[in-house]
Amino acid sequence: MGIIGSIIIGGLAGWFAAMFMKSDTGVILNIILGIVGAAVAGFIFGLVGVSFSGIFGYLIAGFVGAVILIALGRKVF
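The rules behind each value
- Residues numbered from 1 in each chain as written.
- Predicted model: local features only at pLDDT ≥ 70, side-chain atom pairs only at ≥ 80, totals over all residues.
- Heavy atoms only, no water.
- Helix = DSSP H or I, 4+ residues; strand = E, 2+ residues; numbered from the N terminus.
- Expected span 1.5 Å × (residues − 1).
- Buried < 20%, exposed > 50% of the residue type's maximum accessible area, 1.4 Å probe, protein only.
- Phe/Tyr/Trp six-rings, centres within 6.5 Å; stacked < 30°, edge-to-face > 60°.
- Contact = heavy atoms within 4.5 Å.
- Patch = residues over 30% accessible without salt bridge, like charges linked within 9 Å, V, L, I, M, F, W, Y side chains within 5 Å.
- Areas by Shrake-Rupley, 256 points an atom, 1.4 Å probe, with all protein chains shown as cover.
- Salt bridge = Lys/Arg side-chain N within 4 Å of Asp/Glu carboxyl O.

1. Some thoughts on helix 2 (residues 27-47)
Along its 21 residues, helix 2 runs 30 Å from first to last C-alpha, staying within 8% of the 30 Å computed at 1.5 Å per residue. Of the positions making up helix 2, those classed as buried are N30, L33, G34, G37 and A41. G49, located one to two residues past helix 2, shows a positive phi value of around 90°.

What follows is the structure in structure tokens.
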């Protein structure tokens, strides 16, 4: 997946996570949460042997990772 595709999928994943967690994040933070969240979730799921592929897989991984990051952010701040 290219950079533009990663940004779009990351933005969607971050936006879905922000709606799910009822968070007041902006568009840029949603994109960052989705992209970083996909990396975090990919690492965590890789430890247990689960891998994602394709657009839908990246969307799920980004969503799960962004939810984890939002929850951690709420605990810290």
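2. Re the packing of aromatic side chains
Inspection of the entire model under this criterion finds two aromatic pairs. Here F20 and F63 contribute two aromatic rings whose centre-to-centre distance is 5.5 Å and whose plane-to-plane angle is 70°, an arrangement assigned as edge-to-face. With a gap of 43 residues between them, F20 in helix 1 (residues 3-21) and F63 in helix 3 (residues 54-76) connect regions that are remote in the sequence. What makes F20 exposed here is its relative accessible area of 55%. For F63, a relative accessible area of 25% gives the class partly exposed.

3. Concerning the side chain of N30
Tracing the backbone through its elements, the reader meets N30 in helix 2. Contacts of N30, omitting those with residues within four sequence positions, involve G10, G11, G14, W15, A18 and T25.

4. Focus on a nonpolar patch on the surface
Together, I3, I4, I7, I8, L12, W15, F16, M19 and I35 line one region of the surface with nonpolar side chains, adding up to about 860 Å² of accessible area. In terms of residue count, the dominant contributor to the nonpolar patch is helix 1 (eight residues). Mapped onto the elements, I7 comes out in helix 1. You can call I7 partly exposed: its relative accessible area is 35%.

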